[in-house]
Amino acid sequence: MNWLRNSWLPVVTMVIILGAALALLLKEHEHGRSGPAVQPGIYPMTERFLPSLEPSVLPVLCSVTETEGLAFREQRDDRLGLEVVPWDEIAIAIEDHHPLTRSVAKAMAEDLTGILARNDTNAATPAAAAAHLVVMLPADTQSPLPLMVRRVLRVRTVAPMGADLAKLAPNTGAQLTVEVGIHDALGPAAIAQVGMMPSGGIRQHCIAVQAEVGASQDRIDWPHWHLTVGRAIARDALLALFDGTGPEVPWDEAADRTQAVLDRHQASNEALAWTSLPGNPPNASVDRWYGSWQGPLVRGWGGAIIGRTVPVTKEGTIVPTIDLLNKVMGKGRWQDPEQDEERWLWRSIKEEGDFEYAIASARAWGWRLSVLGRHDKALEIAVGWLTGAEQGDQRDRAQLRRHLLAQGLPNSWREPAAKLLRTKPDAAEMAVLGRLPDATEAEQAASETIDWIRGLSQDKPMPVPAQALPADWDGRPFLISTANGPAVVSRSAAGLDQAWWRTDEGPRHALGDAAFASAGVAAGP
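Residues numbered from 1 in each chain as written. Predicted model: local features only at pLDDT ≥ 70, side-chain atom pairs only at ≥ 80, totals over all residues. Heavy atoms only, no water.

**Thoughts on helix α13 (residues 441-454)**
Using the following cut-off: Only DSSP runs of H or I with at least four residues qualify as helices, and only runs of E with at least two residues qualify as strands; both kinds are numbered from the N terminus onward. Multiplying 1.5 Å by the residue count of a helix minus one yields the expected span of that helix. Exposure is judged per residue with a 1.4 Å probe applied to protein chains only, and the accessible area is read against the type maximum: over 50% gives exposed, under 20% gives buried, and values in between give partly exposed. Note on definitions: a residue-residue contact is assigned when non-hydrogen atoms from the two residues lie within 4.5 Å.
Taking 1.5 Å of rise per residue, 14 residues should cover 20 Å, and α13 covers 20 Å from first to last C-alpha, within 8% of that figure. Counting buried residues along α13, 11 of its 14 residues qualify, which places the element largely inside the surrounding structure. Burial in α13 covers these residues: Ala-442, Glu-443, Ala-445, Ala-446, Ser-447, Thr-449, Ile-450, Asp-451, Trp-452, Ile-453 and Arg-454. Of the surrounding secondary structure, the elements contacted by the buried residues of α13 are α12 (427-433), β16 (478-482), β17 (485-491), β18 (497-503) and β19 (506-511).

**Some thoughts on the nonpolar core**
Spelled out, the test is: Among the buried residues, those of types Ala, Val, Leu, Ile, Met, Phe, Trp, Tyr and Cys that are joined through side-chain atoms within 4.5 Å form a nonpolar core.
Counting 43 residues, the largest nonpolar core has Ile-92, Met-108, Met-136, Leu-153, Trp-225 and Ile-233 as the members making the most contacts within it. A total of nine residues in this core trace back to one element, the largest contributor, which is helix α6 (residues 222-242). Among residues more than four places away in sequence, those in contact with Leu-153 are Ile-90, Ala-91, Ile-92, Ala-93, Met-108, Leu-112, Gly-181, Ile-182, Leu-238 and Leu-241. Membership of the second largest hydrophobic core comes to 33 residues, among which are Ala-185, Leu-186, Ile-381 and Leu-420.

**Describing the packing of aromatic side chains**
Rule in force here: Planes of paired rings set the category: under 30 degrees apart is stacked, over 60 is edge-to-face and the rest tilted, where pairs are Phe, Tyr or Trp rings (Trp by its six-membered ring) whose centres lie within 6.5 Å. Whether a charge sits over a ring depends on NZ of Lys or CZ of Arg being within 6 Å of the ring centre and within 35 degrees of the ring normal.
Scanning the entire structure with this criterion turns up three aromatic pairs. Between Trp-344 and Trp-346, the ring centres sit 5.9 Å apart and the planes meet at 35°, which makes this aromatic pair tilted. Given the relative accessible area of 8%, Trp-344 is considered buried. Residue classification places Trp-346 among the buried residues on the basis of a relative accessible area of 1%. In this structure, Arg-333 is placed above the aromatic ring of Trp-334, and the distance from its NZ or CZ to the ring centre is 5.3 Å.

**A word on the sheet that holds strand β6 (residues 174-184)**
Sheets are built from strands paired through backbone hydrogen bonds, the pairs being either parallel or antiparallel. Our working rule: Should DSSP find at least two bridges between two strands, the strands are taken to pair. Axis definition: a line fitted to C-alpha atoms, over the contacting stretch in the case of helices. Angles run 0 to 180 degrees between N-to-C directions.
If you walk across this open sheet you meet the seven strands as β1-β4-β3-β5-β6-β7-β2, and the pairing is mixed. The open sheet terminates on both sides in strands that have one partner only, identified here as β1 (41-42) and β2 (60-67). Bridging between β1 and strand β4 (residues 133-137) involves two bridges; their strand directions are antiparallel. In the strand pairing of β4, Ile-42 is matched with Val-135. Running at roughly 145° to strand β5 (residues 151-159), helix α3 (residues 99-112) makes contact with β3 (89-94), β4, β5 and β6 of the sheet. Docked against the sheet, α6 engages β2, β5, β6 and β7 (205-213), running at close to 145° with respect to β7.

**Quick look at the pairing of β19**
Sheet topology note: the β18/β19 ladder contains six bridges and is antiparallel. Bridge pairing in β19 links Ala-499 to Ala-510. Connecting β18 to the antiparallel partner β19 that follows it, the hairpin turn spans two residues.

**Some details on the packing of helix α9 (residues 378-390) against helix α11 (residues 411-421)**
Note the cut-off: When an angle is under 35 degrees it counts as roughly parallel; over 145 it counts as roughly antiparallel; between 65 and 115 it counts as roughly perpendicular; any other value is oblique. If you view the pair so one helix is near and one far, a crossing is left-handed when the near helix is turned anticlockwise from the far one by less than a right angle, and right-handed when it is turned clockwise. Residues are grouped as follows: Ala, Val, Leu, Ile, Met, Phe, Trp, Tyr, Cys and Pro are nonpolar; Asp, Glu, Lys and Arg are charged; all remaining types, including Gly, are polar.
Taken N-terminus to C-terminus, the directions of α9 and α11 make an angle of 25°; their axes are 11 Å apart at the nearest point. As the angle between them shows, α9 and α11 are arranged roughly parallel. Where α9 crosses over α11, the two elements pack in a sense that is left-handed. Residue-level inspection shows Ala-382, Val-383, Trp-385, Leu-386, Ala-389 and Glu-390 of α9 in contact with α11, the latter providing Trp-413, Pro-416, Ala-417 and Leu-420. Residue composition of the contact of α9 with α11, by class: nine nonpolar, no polar and one charged.

**Focus on the pattern of salt bridges**
What counts, and what does not: Any carboxyl oxygen of Asp or Glu within 4 Å of a side-chain nitrogen of Lys or Arg constitutes a salt bridge here.
Applying the stated criterion across every chain, the model contains 16 salt bridges. A salt bridge links Arg-231 to Glu-110; its shortest N-O distance comes to 2.9 Å. Placement of the pair is Arg-231 in helix α6 and Glu-110 in helix α3, with a sequence separation of 121 residues. Judged by relative accessible area, which is 6%, Arg-231 ranks as buried. Linked through salt bridges whose partners overlap, the residues forming this network are Arg-397, Asp-426, Glu-429 and Arg-476.

**Concerning unusual backbone geometry**
Backbone geometry places Asp-120, a non-glycine residue, at a positive phi of 55°. Within the secondary structure, Asp-120 sits in the loop between α4 (115-118) and β4. The exposure class assigned to Asp-120 is exposed, which follows from its relative accessible area of 76%. Located in the positive-phi region is Lys-424, a residue other than glycine, with phi close to 55°.

Set out below in structure tokens:
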């Protein structure tokens with residue numbers, strides 16, 4: 001047995017044991033560094049909720065600035081008057097493979113679906129306005145999902161990039177920057193081409209959230225780091241992106257009299273004669289589709305091509321990305337495109353079916369894509385709104401207002417629609433009527449005032465004539481003069497107040513029992 005005394009076997013065994021223990025410790029330290037897993041599809045509501053770390057354990061301080069980044073910035077702002085697009089169908093596109101990007105995207109989904117509010121966690125969304133549909137689109141998502149989407153949030157990490165995160169420890173502190181862009185599903189080029197989209201869009205812009213993550217004396221694991229940092233960035237990003245149009249608190253849906261209910265896209269007559277989901281859009285190797293959109297008269301898909309060129313061979317041959325899309329379009333039912341440096345337009349060969357047009361609009365970062373088509377009974381449907389509104393149907397009246405400026409509808413429809421809306425108009429209706437060529441002085445003044453209140457115009461308007469200020473407290477919005485200037489106010493059937501006004505700092509919006517006081521309204525009935 002003396003050979004054991006001189007053997008290297010015990011030493012080797014000890015080295016192996018120590019190495020395995022060290023590997024386990026390192027593995028435990030690395031666990032969760034790659035961020036949360038996010039699957040494509042509807043964000044699930046069944047995940048076990050984990051609380052964030054307290055600020056005393058892991059402080060996160062965020063600041064928000066406007067940036068170009070991921071913006072689908074257009075030449076005009078689609079918001080019109082008092083039109084507000086609900087926050088009830090949202091796609092969150094994860095635009096890179098960075099762990100922090102997934103953390104922020106998942107935290108946004110938690111907030112918008114109401115998970116944070118229901119677990120008493122600091123959230124941007126009011127608890128009463130929660131339970132929204134959120135579709136998650138990780139960077140590798142290939143097949144488009146036939147789900148209706150109103151808003152698209154695009155998320156990417158700017159700093160630290162790539163391997164820089166590997167140099168961090170979860171308790172050493174960091175400076176991080178995440179960009180979030182917001183846009184509607186279909187762009188203005190598509191809206192103008194079809195001419196039958198409802199008024200009211202989303203202010204399309206991009207913000208950068210700079211996060212200063214403090215160092216900590218506590219032992220912190222990566223999963224809790226991602227939870228805490230992601231939620232802090234997501235909350236400040238959403239507060240900035242709400243832009244005065246945050247999720248609406250349901251007022252009194254049973255009464256069905258409030259502006260919020262009348263404008264809700266899920267109203268029963270929104271589906272109309274659409275009896276199927278829209279077909280799939282063209283699918284090239286370079287495009288990415290964020291979701292479909294369906295309105296009363298128009299439906300389609302919105303997407304993008306990130307990048308203007310791409311290598312297509314092992315030798316590195318570079319081709320324009322738009323050429324790859326055009327090659328796919330040539331195999332389908334599309335005519336040769338009308339094209340210039342800024343836009344490519346394909347028309348359907350048969351001019352019928354789900355999609356009549358496909359449009360690619362040039363952007364600095366690539367191309368914005370839309371495919372869309374009109375309902376084959378669009379004019380018949382619009383005439384039906386006229387009949388319903390004449391009989392007092394408030395939903396149909398709301399559709400008249402929302403489509404009054406749609407250039408694809410004929411004057412033979414627009415003129416009687418305007419005449420009907422001029423019968424006891426509310427502020428939202430006057431905001432649209434004031435844009436017609438035959439608008440009255442009062443309608444123009446009301447429209448200009450509402451534009452100024454909402455921040456669409458920087459020129460303070462002249463005082464609104466008294467006759468432009470109806471005072472019916474029936475849930476509809478109306479203009480009112482206050483000691484602080486003009487304001488738009490409404491009171492729901494449930495007695496909840498809503499107000500829009502403007503201060504030196506900019507447009508303001510408030511919803512709730514204190515809204516009138518905030519806007520300087522002395523009293524309501």
